[in-house]
Amino acid sequence: MRYRIRGDGMEGGTWTQERVEQLIELWEGGVTTAEIGRRIGVTKNAVIGKVHRIGLVPRVVIERPPQRRNVFDFNGLICMWPIGHPGDEDFHFCGTPPVDGKPYCAKHAGQAYIRPKEGKPEAA
Ligand SMILES: [Zn+2]
């Protein structure tokens, strides 16, 4: 006779030892819960639930390559050099970390302060 042992309230799969180890490894590698779920084969919610149960600490978010940004998700210090034309679908800001004391990244700070036509570069 077969019966199912009820798990610990998780959904979407079984937490085998192997999966738990994978979860911890991915988690510590900075992989998102959704991505962990995809790789292990469980739901994102199951991953989150398990993470809480094991007591894994939120780790520092891994720095990722700059993503495309638009005016609406601006948060924090980023290079606000506009790329494209406002109103265009692909208009966005540069988004890389700015250099100290400047609103732009190194590359764009250079462009911002050299205006060939006006010929009056600001003194540093
Ligand atoms: Zn920039």
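Scroll up for the structure.
Since the structure is predicted, the reported quantities are computational estimates derived from the model, not experimental observations. (Residues numbered from 1 in each chain as written. Predicted model: local features only at pLDDT ≥ 70, side-chain atom pairs only at ≥ 80, totals over all residues.)

Chemist: Help me understand the overall build of the protein chain in this model?
Modeler: Helix and strand counts for the protein chain come out as four helices and two strands. With 124 residues in all, the protein chain has 11% of them scored as buried. (Helix = DSSP H or I, 4+ residues; strand = E, 2+ residues; numbered from the N terminus. Buried ≥ 20, exposed ≤ 12 C-beta atoms within 10 Å, placed from the backbone.)

Chemist: What am I meant to see in the packing of helix H2 (residues 33-40) against helix H3 (residues 44-54) here?
Modeler: Packed helices, taken two at a time, are described by their axes: the angle between them and the distance between them. Between H2 and H3, the shortest axis-to-axis distance is 8 Å and the interhelical angle comes to 105 degrees. One finds that H2 runs roughly perpendicular with respect to H3. Residues Thr33, Ala34, Ile36 and Gly37 of H2 touch H3, and the partners they reach there are Lys44, Ala46, Val47 and Ile48. Among the residues forming the contact of H2 with H3, the class breakdown is five nonpolar, two polar and one charged. (Axes fitted to C-alpha atoms, helices over the stretch in contact; angles between N-to-C directions. Parallel < 35°, antiparallel > 145°, perpendicular 65-115°, else oblique. Contact = placed C-beta atoms within 7 Å. Nonpolar A, V, L, I, M, F, W, Y, C, P; charged D, E, K, R; others polar.)

Chemist: I keep staring at H3 and nothing clicks. Help me out?
Modeler: A turn of α-helix holds 3.6 residues, and therefore any two residues three or four places apart point the same way. Listing the buried residues of H3 in full gives Ala46, Val47 and Lys50. Across the axial projection of H3, the buried residues extend over an arc of 100 degrees, all falling on one side. Buried residues belonging to H3 abut helix H1 (17-28) and H2. One or two positions beyond H3, positive phi appears at glycine 55, with a value near 85 degrees. (Arc of directions from axis to C-beta.)

Chemist: I'm lost on the environment of arginine 39 in this one. Help?
Modeler: With respect to the helices and strands, the residue arginine 39 is situated in helix H2. Spatially, the C-alpha atom of arginine 39 lies 9.6 Å from that of arginine 19, the residues being 20 residues apart in sequence.

Chemist: In this structure, what is going on with the nonpolar core? I would like to understand it.
Modeler: Nonpolar side chains in soluble globular proteins tend to end up buried together. Leu23, Trp27, Ile36, Ile40, Val42, Ala46 and Val47 together form the largest nonpolar core, which totals seven residues. Those elements giving two or more residues to this core turn out to be H1, H2 and H3. In contact with isoleucine 36, other than residues within four places in its own chain, are Leu23, Leu26, Trp27, Val31 and Val47. (Core = buried A, V, L, I, M, F, W, Y, C linked by C-beta atoms within 7 Å.)

Chemist: How should the environment of valine 31 be read in this particular structure?
Modeler: Examined against the element boundaries, valine 31 turns out to sit in the loop between H1 and H2. Valine 31 sits in the partly exposed class, given 17 other C-beta atoms within 10 Å. When near neighbours in sequence (up to four residues on either side) are disregarded, valine 31 contacts Leu26 and Ile36.

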